[in-house]
Every structure is written in C-alpha cells, then in structure tokens.
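One letter stands for each residue in the lines below.
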Amino acid sequence: MQNLRATSPLFEPTLKIKRPFILLELLIAFALVSISALPFIRYPLQHLRWEVSDLYVMELEREIDKTLSKLQIKLFSEPVESEKEILLKVRLNEEMSRSFQGKITVKRTGQKIDKAGKECLLMTAKVEVKGPHKAPIKTERTFFILP
Amino acid sequence: MDGPARRQKRPLSLLELVIGLSLTAILLSSLFTTFRNIAKESAQVQRIHGKSHEKAILQLRLQQIFNSLSKKSGILLVENSLFFFYENPYDLETAFCGLVKGDLQLVGSNLLLHFTGKDGARREQKLFENVSDIRWEFYDIKTKKWSDSLKKKRVPLQVKLHLTLTDKQEQLFIFQLPNGGVK
C-alpha cells in the first residue's frame, strides 16, 4: 500500500498554495455579515415604530373625540338637512407634531318624539381618518339633537 | 511536486487594506446611524408614553363616570372640586357597587378621584400627576354657552376640563353627558 502511495500519481500529496483573498470573496463575506446583522437592528427599530404608531392612534382617537364633541354643539345651532361631508385635519400636540387627514360624514338618521311631545333629531357622524397604520381609524357617534 | 507544501507569505497590499478599511467603515457607520435612530425613537417613546397613557386613562375613566351619572343627583362644583353620584354596575368590592359618591379634586400636584361607597368605605385613584391648576367649563343647552359654573338642576350637555401642568402645558378634555340638557 505504501509503495502504491509513493508511485501512483493519484496519491501524490496535494499542493497547498496560500493565495490572498480576492475582492469578490471579501465583498461576499461583507454582504453575509451585513445580512446576519440585519435582524438585530431591524426588529428593535420596528418594535419602537409600532409603539410610536400606537401612541399616535391613542392621541388621534382622543382628538377625534374632541372634534365630535365640538360637532355636537355645532349641530344644535346648524342641524344637517340630510347628509354632509366635512373634511377633517387633526393636528397632534407639539411633542408628536404630526397631522392626519380624514372626513366626517354627518347624516340625519331619524327623528324621535320626546316625553314633552317635542321632536328631537337623530344625527349620526361617521369619522374616517387615515392614521399611522394601513387601516383607517373609524368611529361612529349618534347625537340626539334636542329642540 | 515531491517537496513539502509550498507556502507563499506576502504582506497585505495597500489596495486590500484600503478596501478592508472602507468596508469596515461603511458597516460601522451604518450600524452607528441605526443605533442612533433607535436611541432617538426610544427617547421619543419614553417621553410621550407616560403622558399619553395618563391622558387616555383620565378620558376613559371620567367618560365612564359621566355616562353613568345618577339622574337624581347629577354633579356639583365646589371650588374647582367636582362632586357627583354615579351608578357603578359592577366592582370587585361590593361596597362600591350601586350608587357611589365620588369627587374629583386637585390635591397637591395630583388630580385625585375619590369614591365613597357603602358603610363609609373609601377609595382613591390618582388620575393625573404634575398638575398645577384645574378649571371646569359646562355647556348649557338652554343658553347655548360655555360657563364656569353649573346651573342648578340642569345637567350640562358637555363638560370641559382644563388642566395646567407644572411645565405650563395646557391639556383639554371634553366629556359628553348622555342626559345633557335633560332636567
């Protein structure tokens, strides 16, 4: 067996040549390192962004609530005949410094006679605001407009 | 080849060194930018997180109370403190189920909500911190105006709560009363 190793070209000891890295190899290594580092960077950042957007939604809902309260008072003096669309721009406070757009659709949905025999109107306000998430924020409120 | 493995030993060329250094610099700068962004966003979240939650809790809690105000007693304002009776449909403590007396007042720099249940049982809830002043406004449906005082035997349509914080910031909360305008 040892003789065979010595004579056969198949068993010739391998030639080891140490050659430097080529640029392509270096670039591939760099790309691999970058790709493997991505999840460590991406998820904390994404998580924070989600948290910020949730806070925006929370503030936005509060601002929409305020707007609806103002609308209720306005409806007492100017009741809507059948349907009206109002464009809405909600600006959040200085710390958040962002504004969102949407619309309010006010519709007269009916009328009711109260105990005193007076007619009160039923108005429904539907709010749709494009928030930080893909799906818009939707709210609906019904107002009894007393005579 | 009958000798031992041939080894080529040569130092790194300038070009290789420059490429290596520039790649490291790119990687480090992108990492630095990303971590700076994370720190920035984190600071923003920290800053607004507490306040937003405090505001949302105050809005929800008081709206819940105003929605279930007792029709007989309503609300009463005495020196910026609001007193009310409300129907609490369920509670872990039986003393606070049913008709509960409550008041909302500024104690020190905290906006506190007190409840008095059956047999004199008391409970306190802190609604907002760092408040320097509070002001109430009530919308009267008859006069169609906002007023600082409550009309006797008349439930307002809406209630506004102005909070002045210790950092001079103003916060406004509006609550709707379902029986507003009804005697």
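Residues numbered from 1 in each chain as written. Chains lettered and ligands numbered in written order. Predicted model: local features only at pLDDT ≥ 70, side-chain atom pairs only at ≥ 80, totals over all residues.

(A) Focus on the sheet that holds strand 5 (residues 122–128) of chain B. Residue and element names in this part refer to chain B. Overall, antiparallel pairing links the 5 strands, which are arranged 1-2-3-4-5 in an open sheet. One side of each edge strand has no neighbouring strand; the edge strands of this open sheet are strand 1 (75–78) and strand 5. In this sheet, neighbouring strand axes are inclined to one another by 25° on average, regardless of whether the strands run parallel or antiparallel. Direction of pairing for strand 4 (residues 110–116) relative to strand 5: antiparallel, over a ladder of 6 bridges. Residue pairing in the sheet places Leu111 in a bridge with Phe128 of strand 5. Strands in contact with helix 1 (residues 14–67) are strand 2 (81–88), strand 3 (98–107), strand 4 and strand 5; relative to strand 5, the strand with the most contacts, it is inclined by about 135°. (Pairing = 2+ DSSP bridges. Helix = DSSP H or I, 4+ residues; strand = E, 2+ residues; numbered from the N terminus. Axes fitted to C-alpha atoms, helices over the stretch in contact; angles between N-to-C directions. Contact = placed C-beta atoms within 7 Å.)

(B) Here's a closer look at the interface of chain B and chain A. Contact with chain B, which involves 30 residues of that partner, is made by 30 residues of chain A. Listed by contribution, the elements that provide at least two residues to the side of chain B that touches chain A are helix 1 and strand 9 (170–176) of chain B. Here the residues of the side of chain B that touches chain A are counted per class, giving 12 nonpolar, 11 polar and 7 charged. (Nonpolar A, V, L, I, M, F, W, Y, C, P; charged D, E, K, R; others polar.)

(C) Region of the structure containing the nonpolar core. Judged by nonpolar contacts, the single largest core of 21 residues is most densely connected at Ile65, Phe66, Phe84, Val159 and Leu177 of chain B. Those elements that provide at least two residues to this core are helix 1, strand 2, strand 3, strand 4, strand 6 (131–140) and strand 8 (158–165) of chain B. Looking at this core, the element that brings in the most residues is helix 1 of chain B, giving 4 residues. Ignoring anything within four residues of it in the chain, the contact list for Leu177 of chain B reads Phe66, Leu69, Val155, Pro156, Leu157, Gln158 and Val159 of chain B. One finds Val106, Met123, Val127 and Phe143 of chain A within the second-largest nonpolar core, a separate group that totals 14 residues. (Core = buried A, V, L, I, M, F, W, Y, C linked by C-beta atoms within 7 Å. Buried ≥ 20, exposed ≤ 12 C-beta atoms within 10 Å, placed from the backbone.)

(D) Quick peek at the environment of Pro79 of chain A. Residue and element names in this part refer to chain A. Position of Pro79 among the secondary structure elements: in the loop between helix 2 (23–77) and strand 1 (83–91). Remark: the alpha-carbon pair of Pro79 and Leu122, spanning 43 residues in sequence, is separated by 10.0 Å. When neighbours within four sequence positions are excluded, Pro79 is seen to be in contact with Leu121 and Ile145.

(E) Fine view of the sheet that holds strand 8 of chain B. Residues and elements named next belong to chain B. Taken in spatial order, the 4 strands line up as 7-6-8-9 in an open sheet, and their pairing is antiparallel. The sheet terminates laterally at strand 7 (145–147) and strand 9, the two strands that pair on one side only. When the angles between neighbouring strand axes are averaged without regard to direction, this sheet yields 25°. By the bridge criterion, 7 bridges tie strand 8 to strand 9 in an arrangement that is antiparallel. The partner of Leu161 across the bridge, within strand 9, is Phe173.

(F) Inspection of helix 2 of chain A at higher detail. Residue and element names in this part refer to chain A. For helix 2, spanning 55 residues, the distance from its first C-alpha to its last is 76 Å, which sits close to the expected 81 Å at 1.5 Å a residue. At Ala37, helix 2 shows its strongest bend, of approximately 35°, with the proline Pro39 following within four residues. Along helix 2, the residues classified as buried are Leu55, Tyr56, Glu59, Leu60, Arg62, Ile64, Thr67, Ser69 and Gln72. (Expected span 1.5 Å × (residues − 1). Bend = angle between axes of the 7 residues up to and from the residue.)

(G) Representation of unusual backbone geometry in the model. All names here are of chain B. Phi is positive for Asn80, close to 70°, though the residue is something other than glycine. Looking at where Asn80 falls in the secondary structure, it is placed in the loop between strand 1 and strand 2. In this structure Asn80 comes out as partly exposed when scored by C-beta crowding, with 13 C-beta atoms within 10 Å. At Lys168, a residue that is not glycine, the phi angle is positive and equals roughly 70°.

(H) Helix 1 of chain B, seen in detail. Between its first and last C-alpha atoms helix 1 of chain B spans 77 Å; for 54 residues at 1.5 Å apiece the expected length is 80 Å, and the two agree. Its maximal kink placed at Ile48 of chain B, helix 1 of chain B deviates by approximately 30°. Buried within helix 1 of chain B we find Ile48, Ser52, Lys55, Leu58, Gln59, Leu62, Ile65 and Phe66 of chain B. Structurally, helix 1 of chain B contributes buried residues whose contacts are with helix 2 of chain A together with strand 2, strand 3, strand 5, strand 8 and strand 9 of chain B.

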